Amino acid sequence: MKIFKDFSVRKLLFNKKFAIGLSLFVAFFFWLIIAIDQSPERERTINKIQIEVDTSSIWGNETLKVVGDISTTASVTVYGPNYIVSALTADDISVDADLSNVKGPNTYELTLVPSRKGNESDYNFVSISPQTITVELDHYETKTIQAVPIIEGFDRVDRDDYIYEPIFTDGNLSTLSVDVKGFRKDLEKLSKIEVHASTDELIAESKFFSEPEILYLDDKGNALDNKKFSLPYESIPIAMMVSKEKTLSVSPSYINMWNPQIAATLNNCWTTETKTLTIKGPPTVIDSISSIEYSNPIDLSSLSSSNSQKTFELIPKLPEGVTISDAVDKVVFKYDLSRYTVKNFYITNFSHEGTLKSGLSVSYDKRYSVTVCGPKNTINSLKASDLYLSLNLSEMSESNIGTNTVGATLKSNKNVSVWMIGSCDVTIKLSK
């Protein structure tokens with residue numbers, strides 16, 4: 001190619017620009033060799049080197065820590081080749097306190113020792129300033145302290161039955177065990193923690209405070225420096241709980257009871273040692289409660305004079321936020337049905353609740369045997385014609401046309417306190 005045919009070393013050497021560049025490069029190269037080989041040695045002081053006090057190396061005193069911050073920095077004078085010491089920075093040198101004489105908590109004057117941290121090692125340490133540092137060491141520990149919530153400044157509802165209680169929202173506790181970290185000398189003074197909040201508002205219902213003030217107190221109630229202690233969380237939320245109490249008489253509740261009069265009749269058949277329960281909760285909720293309900297009411301169809309002595313343990317069912325002040329988790333009812341009896345009846349009367357879908361009709365099997373329980377005098381005077389089986393057919397539709405089995409409830413056209421033992425399934429035929 002033409003570009004290579006025109007190339008000539010002689011022409012390049014006689015090129016003015018190339019000659020100047022080559023001269024500068026050769027001059028710098030030889031200067032660098034001479035500087036490295038013949039470089040004079042000198043001293044240099046490096047300032048603002050962070051002082052390290054590594055207490056983790058103290059065997060047997062692993063919880064020892066430096067009390068306070070170490071704001072002092074060190075200055076280290078080094079000696080070595082000029083090109084090395086000129087490039088050193090504070091990041092290339094470590095200054096550590098000598099902890100070999102530390103035996104336990106105390107104030108120590110520790111000797112400072114410099115060491116190399118960077119890649120360069122061809123230099124020596126001449127001096128360090130300061131040569132020592134005064135440090136206080138103490139055990140950094142955890143102490144469990146009881147905290148109490150305090151809410152001030154608010155107005156109360158002018159009613160004697162309103163109860164005001166400051167609590168910790170974590171567990172609704174009136175006191176809270178708190179793990180506090182700090183130095184031993186400070187923890188020994190700490191006796192109590194108070195969590196404070198204030199408001200000038202009227203508190204008529206429970207009010208929460210998410211960021212109350214935390215006070216650390218000694219045994220005389222004097223406030224200690226908050227900065228000397230730390231908690232495992234940023235805040236301890238508290239609340240002023242407003243509640244009322246109400247005492248209610250205890251009575252059982254039932255399912256499968258067609259006539260409310262049955263419960264009144266049975267009141268003479270049960271006993272319980274728990275006569276009343278005192279409930280506690282938000283005032284508006286407490287005002288709406290007139291009786292105790294249970295999560296497992298008695299199935300009336302399981303009560304029979306054939307097993308006249310029977311015991312039920314019912315568990316109170318309360319709205320959210322309502323508790324039982326008596327610390328009762330169940331109510332025991334003992335039944336004695338010795339004055340009751342059972343009798344079999346053949347039922348031929350039927351009725352259905354609800355309205356059948358338009359155009360549908362129903363027919364029943366004619367006769368069902370049902371065991372009925374009730375007071376002896378009532379059962380003895382009762383006739384099968386006084387009873388009927390009631391079925392709920394309101395959900396039946398054309399998709400149910402044909403033969404179906406439906407659960408039935410025993411009822412009476414008289415106001416009597418009787419009920420069916422067990423269950424009864426009635427076969428019906430739905431047609432259109």
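Residues numbered from 1 in each chain as written. Predicted model: local features only at pLDDT ≥ 70, side-chain atom pairs only at ≥ 80, totals over all residues. Heavy atoms only, no water.

A.B. asks: I keep staring at the packing of aromatic side chains and nothing clicks. Help me out?
C.D. replies: What characterises a pair of aromatic rings is the spacing of the ring centres plus the angle enclosed by the ring planes. One pass over the full model with this rule turns up 10 aromatic pairs. Relative to tyrosine 335, the ring of phenylalanine 312 has its centre 5.6 Å away and its plane inclined at 85 degrees; by these criteria the two rings are edge-to-face. Of this pair, phenylalanine 312 sits in strand β22 (residues 309–314) while tyrosine 335 is found in strand β25 (residues 331–336), placing the two residues 23 residues apart along the sequence. Cluster of aromatic residues (ring-pair linked, three or more members): Trp270, Tyr294 and Phe333. (Phe/Tyr/Trp six-rings, centres within 6.5 Å; stacked < 30°, edge-to-face > 60°. Helix = DSSP H or I, 4+ residues; strand = E, 2+ residues; numbered from the N terminus.)

A.B. asks: Any chance you could explain the side chain of glutamate 194 here in plain terms?
C.D. replies: By the element assignment, glutamate 194 lies in strand β11 (residues 192–198). Looking at glutamate 194, its side chain comes within polar contact range of the side chain of histidine 196, at 2.7 Å. For glutamate 194, the residues in contact, after removing those within four places along its chain, are Val148, Ile150, Glu213, Ile214, Leu215 and Leu217. (Polar contact = N/O pair within 3.5 Å; in protein donor to acceptor, adjacent residues only side chain to side chain. Contact = heavy atoms within 4.5 Å.)

A.B. asks: Which parts of the structure should I look at to understand the environment of glutamate 234?
C.D. replies: For glutamate 234, the position within the fold is in the loop between β15 (229–230) and β16 (238–249). Sequence spacing of glutamate 234 and serine 210 is 24 residues, and the spatial spacing of their C-alpha atoms is 10 Å.

A.B. asks: It is not clear to me how the sheet that holds β25 should be interpreted in this structure. Could you clarify?
C.D. replies: Strand pairing in a sheet relies on backbone hydrogen bonds. The paired strands run either parallel or antiparallel. Spatial ordering of the open sheet is given by β18-β25-β22, a layout of three strands whose pairing is antiparallel. With partners counted over all chains shown, the strands left at the sheet margins are β18 (270–271) and β22, one partner each. When β22 meets β25, the two strands line up antiparallel, connected through six bridges. Pairing of glutamine 309 across the sheet is with aspartate 336, part of β25. (Pairing = 2+ DSSP bridges.)

A.B. asks: Can you help me understand the pairing of strand β3 (residues 73–81) in this one?
C.D. replies: The two faces of the sheet receive side chains in turn, since in a regular strand these alternate between them. Bridging between strand β1 (residues 41–52) and β3 involves eight bridges; their strand directions are antiparallel. By the bridge assignment, isoleucine 46 is partnered in β3 with valine 76. Summarising the sheet, β3 and strand β6 (residues 124–129) pair through five bridges and their orientation is antiparallel. Bridge pairing links serine 75 to serine 129 in β6.

A.B. asks: It is not clear to me how the pattern of salt bridges should be interpreted in this structure. Could you clarify?
C.D. replies: Two side chains carrying opposite charge are able to pair once their charged atoms lie near each other. Scanning the entire structure with this criterion turns up 13 salt bridges. The closest approach of N and O atoms between glutamate 201 and lysine 207, which form a salt bridge, is 3.4 Å. Judged by relative accessible area, which is 40%, glutamate 201 ranks as partly exposed. Using a relative accessible area of 26% as the deciding quantity, one classes lysine 207 as partly exposed. We note a salt bridge from aspartate 386 to lysine 414, for which the minimum N-O separation is 3.6 Å. (Salt bridge = Lys/Arg side-chain N within 4 Å of Asp/Glu carboxyl O. Buried < 20%, exposed > 50% of the residue type's maximum accessible area, 1.4 Å probe, protein only.)

A.B. asks: Looking at this structure, I do not really get the sheet that holds strand β32 (residues 419–420). What am I missing?
C.D. replies: With antiparallel pairing, the three strands of this open sheet are ordered in space as β26-β29-β32. On the outer flanks of this sheet lie β26 (340–347) and β32, each paired with one strand and no other. The pairing of β26 with strand β29 (residues 368–375) spans eight bridges and is classified as antiparallel. Bridged to asparagine 344 within β29 is threonine 371.

A.B. asks: Any chance you could explain a nonpolar patch on the surface here in plain terms?
C.D. replies: The grouping of Phe25, Val26 and Phe29 at the surface amounts to a nonpolar patch, some 290 Å² of accessible area in total. Relative to the helices and strands, phenylalanine 25 resides in helix α3 (residues 16–38). (Patch = residues over 30% accessible without salt bridge, like charges linked within 9 Å, V, L, I, M, F, W, Y side chains within 5 Å. Areas by Shrake-Rupley, 256 points an atom, 1.4 Å probe, with all protein chains shown as cover.)

A.B. asks: I tried to follow the nonpolar core on my own but got confused; where do I start?
C.D. replies: For soluble globular proteins, the rule of thumb is that nonpolar side chains tend to be buried together. Core analysis: the largest hydrophobic core is formed by 28 residues, its most contacted members being Tyr254, Leu266, Ile279, Leu303, Phe333, Tyr335 and Trp419. When residues of this core are traced back to their parent elements, those giving at least two are α6 (261–266), β19 (276–281), β22 and β25. Not counting residues within four places of it along the chain, the set of residues in contact with isoleucine 279 comprises Lys244, Glu245, Lys246, Leu248, Ile286, Ile289, Ile292, Leu318, Val322, Thr323, Ile324 and Ser325. (Core = buried A, V, L, I, M, F, W, Y, C linked by side-chain atoms within 4.5 Å.)

A.B. asks: Sorry, what's going on with unusual backbone geometry here?
C.D. replies: Of all residues except glycine, most have a negative phi; of all peptide bonds, most are trans. Residue proline 130 is bonded to the preceding serine 129 through a cis peptide linkage, with omega at -5 degrees. Looking at where proline 130 falls in the secondary structure, it is placed in the loop between β6 and β7 (132–152). Non-glycine residue lysine 48 carries a positive phi angle of around 55 degrees. A positive phi is found at asparagine 256, a non-glycine position, where the angle reads about 60 degrees. One can find asparagine 256 in the loop between β17 (254–255) and α6. A residue is classified by how much of its surface remains accessible, and asparagine 256, at 54% relative accessible area, is exposed.

A.B. asks: How should I be thinking about the pairing of strand β10 (residues 176–183) in this particular structure?
C.D. replies: Sheet topology places β7 next to β10; eight bridges connect them, and they run antiparallel. If you follow alanine 147 over to β10, its bridge partner there is leucine 176.

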